[in-house]
Amino acid sequence: MNCLNELKKPTRRVLLKGLLTAYTASLIPFALAETVDTPEQGAFVALSAIIAGRQSLDPVLAGMLYKALVEQDPGFPQAAKELLALINQRQIDPMQLQKTLDDEKSSLASVPRKVAMAWFMGVVGSGAQARCLAYEHALNAQIVADVLKPPTYAYGAYGSWARNPTVELKKEVNNV
Amino acid sequence: MSDQLSADIVIIGSGICGAMAATHLLKQGASVLILEAGGPIDRGRVVAAFRNSTRKSDWMSPYTCSDIAPHPIYKPTDNGYLVQGGPYPYPAEYIRGVGGTTWHWAAQAWRLVPGDMRIKTLYNLGVDWPMSYEELDPFYQQAEEIWGVSGAENTGSPRSQPFPMEPVTEPYAMRRIRERLAPAFPVVGNTTARNSRAYDGRPACCGNNSCQPICPIDAQYHGGIAIQTAVDAGAQLQVNAVVYRIEHDDKGHIVAVHYFDADKQSHRVTGKTFILAANGIESPKLLLMSASDKYPNGLANSSGMVGRNLMDHPSTSLTFDADEELWLGRGPQSPSSINTMRDGEFRSEHAPYRLDFTNISRVNSATDALITAGVYGAEFEKQLRHRAAFEMSLKDVLEVLPNPENRISLSDQKDKLGLPKPKVNYAIDEYTRKGAARSHKDFARIAEMMGGTNLRYSAEGSFANNQHITGTMSMGIDPKTSVCDSYGRTHDHDNLFICSTGVMPTSATMNSTLTAAALTLRTAQHILPNRIIATEQGRG
Ligand SMILES: Cc1cc2nc3c(=O)[nH]c(=O)nc-3n(C[C@H](O)[C@H](O)[C@H](O)COP(=O)(O)OP(=O)(O)OC[C@H]3O[C@@H](n4cnc5c(N)ncnc54)[C@H](O)[C@@H]3O)c2cc1C
Ligand code: SF4
């Protein structure tokens, strides 16, 4: 099963580093030691790290997102592999990735957005087929978690929102 | 199983208006039966559904659409329930379920300004209301005490009694906006039905910032609370009861209503007095559907005005990056506004407006925009934080004048029960467009004063809708030009009353529900059982 959180058979696992070129490895130095079950899944992990631009990604969530992406589109693993190969080969900068694929009308153009939607919003698929797999753990919530709570989560005691959040942030930084 | 249900007062619709009327009448000793088309709504389930929603900015997404009593849905695809007749789209949003549409509202609880009720006299526009602001004041107060309303004193709406509670604490972002726009623009706290302290068994706001689509702790008043109060006071509530016909006798007196249950079994319900409270679109639809030989154009429609004069509040907006960190999304969603353009001589030239500042977290919309723009990698985090911190947005809330061509009518399409779907014709006239153009001068100045960059105006000529459905069953003195009198009593049927935003003859510049609630309490007081019911019995 192509699920990242199923860590049962370590002997058969692939080192992520082996799937990368020097260029992609330089984008995600923090992820190189990770192991994955298959090259396809590895491609997803590498793409996730490149697109999300975070130092670490929750492996349990990664497993859930990958599983859902494959369920939505059985062609996803292959497409992820091809996209990683393309980035490896052409050394495409993450910020240029979408534009390059769109300009070239590439058949892989939808792949980065799927990965971005999954990690940043916790949503996989579109329209009536869409599924939400993460909300407070989606990266867009995590990225601002020091200042904002995702809507429906209590901000704090009554009136706490009157405080200047930037002063609070600076205080935290000073306390570190 | 026909004819088993009966009560002194039969109310169609369990929304905030129907429910508040029910409680008032129950306290006077009347028996009340409420027929509600939709099913129950559970707060906890809605909160969970929102967290699991794949469209966090679509506030309808956590609410279930009833099979037998659909409401308009636009995402992910239009369910085609509200048929658009043009020329301008009117994508109304409402909820058909126990408690109605205020389950997902911003709880803005505005009074009119006195000039709003006399625009014909003052500015030779639209129509005058058949009552004065002073007459409405005590009913506003009653409604505010039931809801738990607070806000600034200086919003342009006079009051003879204080608010029942202190204003809700101003979010930091709004404080900065207020400080920086003073004195050119006085930014004041909105009046809202949101608790600044525990009130009537409900807690103080804790800043979840999800007032729309759902307050997880009931810190704001809504129809779900109103209907629970009515049921606790003894109202009989029949859910999944889709009223499809109002029946009259040969004198035009209403004798019964008919509803379909979930199995499309028909039931007849009798009563002495009937209150139509099925919102500004479904109510006129029901009056039109109840046409008979005696009333071929529908009930209460001798004026031909049922469904006509549809109004709302169109909005244009400006979003920009301020030059300091504001971090919208801390505290309630709709805290502050500018109220200086609600009334004045200029009204003879262009629409008045309020300017409303949002405090809705930017995180979701910014994420959407960044993904659309293909911003990935470390840059995403940087830009998301920047937008979440610096972005702010304001909108105008514009008056629309009554125009009979803007209307709700019956389409030739049918819903699952075979009942006609409503059709809407709507246009936005020069008066409103000129008001928008005027407000854009304010937008520009405000952006300048906030050090704004990256200015993004809403698309030229494009208006968002605010879901304040008004005018479709207008009150007035003259039965030839209006549907009901100032008590909501239909001119054509002495025991049929309407409680709704739809009875408002003009739209003004404020969210309309508090005015509808005040009018509802005035209607309910007028119906006082010992008066109307005794009259009915006297008639035999
Ligand atoms: C997103 C959003 C935000 C809003 N924010 C604000 C705000 O901040 N301030 C404000 O003043 N207003 C706001 N509004 C408007 C407010 O929700 C409405 O003005 C208010 O709900 C009107 O109350 P009502 O009781 O007339 O109708 P509703 O609340 O719509 O209730 C009508 C009831 O009648 C029932 N019904 C319909 N047809 C039938 C039938 N055939 N048989 C039996 N029952 C039927 C419905 O199921 C429903 O329960 C907002 C609206 C939306 C959509
Ligand atoms: S901010 Fe939160 S607690 Fe306060 S009213 Fe809105 S949803 Fe309720």
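One can find the structure itself at the top, above this paragraph.
Below is a short write-up of the structure. These numbers come from a predicted model, not from an experiment.

Examining the site of ligand 1
Residue and element names in this part refer to chain B.
Thinking step 1. Within the structure, ligand 1 sits among 34 residues, and Glu36, Gly97, Thr101, Gln108 and Thr513 are positioned closest to it.
Thinking step 2. At 3.1 Å, a backbone N or O of Cys17 approaches an oxygen atom of ligand 1.
Thinking step 3. Residue Ala107 places a main-chain N or O atom 3.2 Å away from an oxygen atom belonging to ligand 1.
Thinking step 4. Every element with two or more residues in the shell around ligand 1 is listed here: helix H1 (16–27) and helix H7 (279–289).
Thinking step 5. Grouping the amino acids of the shell around ligand 1 by side-chain chemistry returns 13 nonpolar, 17 polar and four charged.

Overview of the site of ligand 2
Thinking step 1. In the vicinity of ligand 2, 14 residues are found, and the nearest of them are Arg194(B), Cys205(B), Asn208(B), Cys211(B) and Cys215(B).
Thinking step 2. Here the residues of the shell around ligand 2 sort into eight nonpolar, five polar and one charged.

Digging into the side chain of Asn425(B)
Thinking step 1. Inspection of the secondary structure assignment puts Asn425(B) in strand E15 (residues 420–426).
Thinking step 2. Not counting residues up to four positions away in its chain, the partners in contact with Asn425(B) are Gly85(B), Gly86(B), Leu310(B), Glu405(B), Asn406(B) and Arg407(B).

Some words on the nonpolar core
Thinking step 1. Ranked by internal contacts, the top residues of the largest apolar core, which has 92 residues, are Ile11(B), Met20(B), Leu35(B), Trp147(B), Val257(B), Ile275(B) and Leu287(B).
Thinking step 2. Look past the residues within four positions of Ile275(B) in its chain and what remains in contact with it is Ile9(B), Val10(B), Ile11(B), Ile12(B), Ala21(B), Leu25(B), Phe497(B), Cys499(B) and Ile527(B).
Thinking step 3. Within the second largest apolar cluster, 66 residues are counted, among which are Leu97(A), Met121(A), Ile143(A) and Val375(B).

Brief notes about the pattern of salt bridges
Residues and elements named next belong to chain B.
Thinking step 1. Evaluated as defined, the whole model comprises 38 salt bridges over all chains.
Thinking step 2. Between Arg111 and Asp137 there is a salt bridge, with its nearest N and O atoms 2.7 Å apart. Taken together, the residues span a long stretch of sequence, with Arg111 in the loop between strand E3 (83–87) and helix H3 (119–123) and Asp137 in helix H4 (residues 133–147) at a distance of 26 residues. Of the two residues, Arg111 and Asp137, both sit in the buried class.
Thinking step 3. Note that Arg438 is salt-bridged to Asp442, the shortest N-O span being 3.0 Å.

Remarks on the sheet that holds strand E13 (residues 391–398) of chain B
Residue and element names in this part refer to chain B.
Thinking step 1. The six strands are arranged E4-E11-E12-E13-E10-E16 in an open sheet whose pairing can be described as antiparallel. Both outer strands of the open sheet, strand E4 (187–189) and strand E16 (453–457), are each paired with one neighbouring strand and no more. Neighbouring strand axes in the sheet, compared pairwise and without regard to direction, differ in orientation by 25 degrees on average.
Thinking step 2. Strand direction decides the pairing type here: E4 and strand E11 (residues 336–338), joined by three bridges, are antiparallel. If you follow Gly189 over to E11, its bridge partner there is Ser336.
Thinking step 3. Seen against the sheet, helix H9 (residues 378–390) touches strand E10 (317–321), E13 and E16 and runs at an angle of roughly 45 degrees to E13.

Thresholds, definitions, all that
- Residues numbered from 1 in each chain as written.
- Chains lettered and ligands numbered in written order.
- Predicted model: local features only at pLDDT ≥ 70, side-chain atom pairs only at ≥ 80, totals over all residues.
- Heavy atoms only, no water.
- Near = heavy atom within 4 Å.
- Polar contact = N/O pair within 3.5 Å; in protein donor to acceptor, adjacent residues only side chain to side chain.
- Helix = DSSP H or I, 4+ residues; strand = E, 2+ residues; numbered from the N terminus.
- Nonpolar A, V, L, I, M, F, W, Y, C, P; charged D, E, K, R; others polar.
- Contact = heavy atoms within 4.5 Å.
- Core = buried A, V, L, I, M, F, W, Y, C linked by side-chain atoms within 4.5 Å.
- Buried < 20%, exposed > 50% of the residue type's maximum accessible area, 1.4 Å probe, protein only.
- Salt bridge = Lys/Arg side-chain N within 4 Å of Asp/Glu carboxyl O.
- Pairing = 2+ DSSP bridges.
- Axes fitted to C-alpha atoms, helices over the stretch in contact; angles between N-to-C directions.

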